[in-house]
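# Notes for the structure review
One letter stands for each residue in the lines below.
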Amino acid sequence: MVTLIAGALLLVIALYGLKVWTKADPKVLVAILMRSVAYGAMLGAAAMLVTGRFAAAVPLAVLGIGLLGRLDPNGVGGYLGSLFRKTSAPKVSRVRTAVLELELDHASGDMRGQILAGPHAGRALDQVSVEDLVALRTLCDAQSLALLEAYLDRRAPAWREHAQGNPGGGQMGGAADSPGAMTEQEAYQILGLEPGADASSVRAAHRTLMMKLHPDHGGSSYLAAKINRAKDVILSKHA
C-alpha cells in the first residue's frame, strides 16, 4: 500500500514537472540545463581530485567553469572562465615612411614610433626632444613630414607656435594630400588587422581609428586619408 502511494506521488510530481517544463521559456530551460551540467562537472572534478585522478579532473573543471562563464560573464564564473580563455593581443596600427615608423594603439589612442633616418636614426620618438623633432622636419619628404607633424600634434599641441619663429624649421603643414599607392599588406598594418580579416572587421577597425584620428576630432588629415585608403584597398579584395 505504501509503495503504491509513493509511486502515485512520484507520478504526480513527474507529470507536474513535465507540464512546467513544456510551458517554460526555452531560454530559461537552456540556462537551467547549462547550470546543472556546470555544477555536475564541477562536482565531478572535485570528486576526481579527491580520488587523485587529476587528468580527469582538469577537463571537467574547464567545462564547468566555461559554462558558468557563459551564464554569468560579469560574475565569478566569467572571471574564472577568462583565466582559461586566450586573450587577444592589443590592436596596433602601423604606418611607415622613409624617415619614420609610427604606431597607434587602438585602445588608448597613444602614438609611439621610431626614427629610421637622419641624426636620430634608431631612437624612439619619445626619447627625442620636441625641438629636435621640429628640426628633423627639414629632412623629411612629404609623407614623412605629415607623419611627424601628426605625432607632434599629439605630443606637443603648441609646437607650431614655437616653430613659426624658427626660420630653419622647415615648411609648415607640408602634409601630403594623397596617401599614395598602398599594398594590401600595408593596408592591414594600418588598420591593425591580420591578413585575411573579414569585411566586418575591416569596417570596425576603420570606424574605431577614424573616431580617434579624424581631423574633426583633433586628428590628422594625412592619417585619416591613409586609413580610408587602407579600408578601400582591403574591401576591394572582398568585392
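Residues numbered from 1 in each chain as written. Predicted model: local features only at pLDDT ≥ 70, side-chain atom pairs only at ≥ 80, totals over all residues. Heavy atoms only, no water.

## Let's talk about the overall build of the protein
Helices and strands together make up the secondary structure of the protein, namely 10 helices and 3 strands. Tracing the protein from N to C terminus, the helices and strands come up as α-α-α-α-β-β-β-α-α-α-α-α-α. Long-range pairs, those at least 24 residues apart, make up 49% of the contacts in the protein with a sequence separation of at least 6. With an accessible surface of roughly 14500 Å², the protein has 61% of that area assigned to carbon and sulfur atoms. (Helix = DSSP H or I, 4+ residues; strand = E, 2+ residues; numbered from the N terminus. Contact = heavy atoms within 4.5 Å. Areas by Shrake-Rupley, 256 points an atom, 1.4 Å probe, with all protein chains shown as cover.)

## Here's the deal with the environment of Arg123
Position of Arg123 relative to the elements: it lies in the loop between β3 (111–115) and α5 (130–136). Judged by relative accessible area, Arg123 falls into the partly exposed class, the value being 33%. With 10 residues separating them along the chain, Arg123 and Gly113 place their C-alpha atoms 8.7 Å apart. With near-sequence residues (within four places) excluded, Arg123 lies in contact with Gly113, Gln114, Ile115 and Val128. (Buried < 20%, exposed > 50% of the residue type's maximum accessible area, 1.4 Å probe, protein only.)

## Quick word on the nonpolar core
Residues Leu100, Leu133, Leu191 and Leu223 are the most contacted members of the largest nonpolar core, which totals 43 residues. Of all the elements in the fold, those that place two or more residues in this core are β2 (100–105), β3, α5, α6 (142–155), α8 (184–191), α9 (199–213) and α10 (221–238). Discounting residues that sit within four places of it in the chain, Leu133 has contacts with Ile115, Leu125, Val128, Leu148, Tyr151, Leu152 and Arg155. (Core = buried A, V, L, I, M, F, W, Y, C linked by side-chain atoms within 4.5 Å.)

## As for α8
Burial in α8 covers these residues: Glu186, Ala187, Tyr188, Ile190 and Leu191. For α8, the elements touching its buried residues are β1 (92–96), α9 and α10. Following α8 by one or two positions, Gly192 has its phi on the positive side, about 70 degrees.

## As for the environment of Arg96
When you line up the elements, Arg96 lands in strand β1. Judged by its relative accessible area of 52%, Arg96 falls in the exposed class. Between the C-alpha atoms of Arg96 and Gln114, which are 18 residues apart in sequence, the distance is 9.6 Å. Look past the residues within four positions of Arg96 in its chain and what remains in contact with it is Glu101 and Leu116.

## Considering the sheet that holds β1
The 3 strands are arranged β1-β2-β3 in an open sheet whose pairing can be described as antiparallel. Sheet topology places β1 and β3 at the edges, where each strand pairs with a single neighbour. Geometrically, the sheet is characterised by an average inter-axis angle of 15 degrees between neighbouring strands, direction not taken into account. As paired strands, β2 and β3 are joined by 5 bridges and run antiparallel to one another. Within β3, the position partnered with Leu102 by the bridge is Gly113. Taken strand by strand, α6 contacts β1, β2 and β3, and its axis lies near 45 degrees from that of β2. (Pairing = 2+ DSSP bridges. Axes fitted to C-alpha atoms, helices over the stretch in contact; angles between N-to-C directions.)

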